[in-house]
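# Observations on the three-dimensional arrangement
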Amino acid sequence: MSKPNQDAAVTRCGIVLVLGAPNAGKSTLVNRLVGAKVTIVSPKVQTTRTRVRAIAIHGETQVIYTDTPGIFAPKRRLDRAMVDAAWGGAADADVIAVMVDAKRGIDRDVERIIAGLEMYKNPAALVLNKVDGLRRELLLTLTETLNSLSKFDATFMVSALNGSGVDALEAYFKGLMPTGPWLFPDDEISDLPQRLFAAEVTREKAYTKLHQELPYSLSVETESWEEFDNGGVRIEQNLTVARETQKGIVLGKGGQMIKRIRAEAQEELAELLERPVHLFVRVRVREKWADDPGHFRDWGLRFDA
Ligand SMILES: Nc1nc2c(ncn2[C@@H]2O[C@H](COP(=O)(O)OP(=O)(O)OP(=O)(O)O)[C@@H](O)[C@H]2O)c(=O)[nH]1
Ligand SMILES: [Mg+2]
């Protein structure tokens, strides 16, 4: 591993905190900005459960993008911890990027974020996402309304999905990074431990395949990680749900559903880790998993948020 560039006279480094309502496209944007898959994405809301730092390097500048869980009105303990984690990064950020799904427009979640932003003095940029396929007049009206609700330092219109507008956004972030030493080694792209990332990939596949509320009732943990001389890795995971009925849905008829989830996760992990992967996923029921302090600790979340 190469050492971080410590020549603080020439290097720059800073933090971009990406905030937004659930499903705004934050993780899609962060993956695009670092040019790799570091954080999971799904069509469902509340996919990201903890802060994930993703690292990009442009010349002498290291930009740390912090992906966060969507901000919404929390009901359960896990919801509260997720929203707490999102705002928790705000004080240290060199710039806060507020992402708004332009297709969805302004709703209670967006209003809540704008109200929360009042507490911080950091520069803030408005990032209107999902502008693909939207009429320009509509975008201009939305920009005007949002800028009347909060004082943004800049506004960008992007499609995190197809990349349009992302270069300008990247240049803007880069320009705001203060001089100073890099915080991460130059070959690191994320602060998420591999075991946790591997569990996240399985959770993403489950989220994408399962319908309705079920995704919010499940969690995935990597139980063991065994590396072999030939470069392969054997990964054992637990997929935990809260009820027997949910277990039935995750297993599917004749075990078909969990088979597909496992196969997709294994294939993607092999590709991302660039090595043969043997993945084993056991489905189990733990009624109170969402009240287990151990889970929160593993994810870097506060239990009593
Ligand atoms: N059409 C369109 N869809 C997008 C765009 N960006 C993201 N999406 C889709 O929006 C959905 C949510 O994307 P995510 O990146 O998971 O959103 P998120 O803000 O991280 O969501 P949470 O983690 O749940 O808060 C996915 O289905 C993405 O493919 C975009 O620019 N255009
Ligand atoms: Mg996300």
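What counts, and where the lines are drawn
Residues numbered from 1 in each chain as written. Chains lettered and ligands numbered in written order. Predicted model: local features only at pLDDT ≥ 70, side-chain atom pairs only at ≥ 80, totals over all residues. Heavy atoms only, no water. Donors = N, O, S within 2.8 Å, 3.2 Å for Na, K, Ca; no water. Helix = DSSP H or I, 4+ residues; strand = E, 2+ residues; numbered from the N terminus. Buried < 20%, exposed > 50% of the residue type's maximum accessible area, 1.4 Å probe, protein only. Domains from an automatic or database assignment. Contact = heavy atoms within 4.5 Å. Buried area = accessible area lost by both parts, 1.4 Å probe. Core = buried A, V, L, I, M, F, W, Y, C linked by side-chain atoms within 4.5 Å. Phe/Tyr/Trp six-rings, centres within 6.5 Å; stacked < 30°, edge-to-face > 60°.

### A closer look at the coordination of the magnesium ion (ligand 2)
- Taken together, the protein ligands of the magnesium ion (ligand 2) are Ser27 (OG) and Thr48 (OG1), with distances of 2.0 to 2.1 Å. One end of the pair, Ser27, is in helix H1 (residues 26-34); the other, Thr48, is in the loop between H1 and strand S2 (52-58), with 21 residues separating them in the sequence.
- Judged by its relative accessible area of 8%, Ser27 is buried.
- For Thr48, a relative accessible area of 8% corresponds to the buried category.

### Overview of the domain arrangement of the protein chain
- Partitioning the protein chain into domains gives domain 1 (12-175) and domain 2 (194-299).
- Computed from C-alpha atoms alone, the centre-to-centre distance between domain 1 and domain 2 is 27 Å.
- In this complex, domain 1 contributes 17 residues to the contact, which on the side of domain 2 involves 22 residues.
- For domain 1, the biggest contributors to the area lost against domain 2 are Ile40, Lys44 and Arg49; these three give 41% of the whole.

### Section: the nonpolar core
- Grouped together as the largest cluster of nonpolar side chains are 65 residues, with contacts concentrated most on Leu128, Leu146, Leu218, Ile235, Leu239, Val250 and Leu269.
- Each of domain 1 (12-175) and domain 2 (194-299) accounts for three or more of the residues forming this core.
- Among residues more than four places away in sequence, those in contact with Ile235 are Ala198, Thr222, Ser224, Trp225, Leu269, Leu273, Val277, His278, Leu279 and Phe280.
- Within the second largest apolar cluster, 26 residues are counted, among which are Ala24, Val30, Val63 and Val127.

### Remarks on the packing of aromatic side chains
- Under the criterion given, the structure shown has seven aromatic pairs.
- With a centroid separation of 4.9 Å and 50° between ring planes, the pair formed by Phe156 and Tyr172 is classed as tilted. Residue Phe156 is found in strand S6 (residues 154-157), and its partner Tyr172 is found in helix H5 (residues 166-175); the two are separated by 16 residues along the sequence.
- Arranged with centres 5.1 Å apart and planes meeting at 85°, the rings of Phe296 and Phe303 form a pair that is edge-to-face.
- In textbook terms, an aromatic cluster arises when at least three aromatic residues are bridged by ring pairs, as seen for Tyr65, Phe156, Tyr172 and Phe173.

### Considerations on the side chain of Ser150
- Its location among the elements puts Ser150 in the loop between helix H4 (136-149) and S6.
- For Ser150, a relative accessible area of 10% gives the class buried.
- In this view, Ser150 contacts Ile114 and Leu117; residues no more than four positions away in its chain are not counted.

### A look at unusual backbone geometry
- Positive phi outside glycine occurs at Gln46, with the angle close to 60°.
- Note on placement: Gln46 falls in the loop between H1 and S2.
- Classification of Gln46 as buried rests on a relative accessible area of 16%.
- Unlike most non-glycine residues, Lys130 shows phi in positive territory, near 60°.
- Tracing the chain through its elements places Lys130 in the loop between strand S5 (124-129) and H4.

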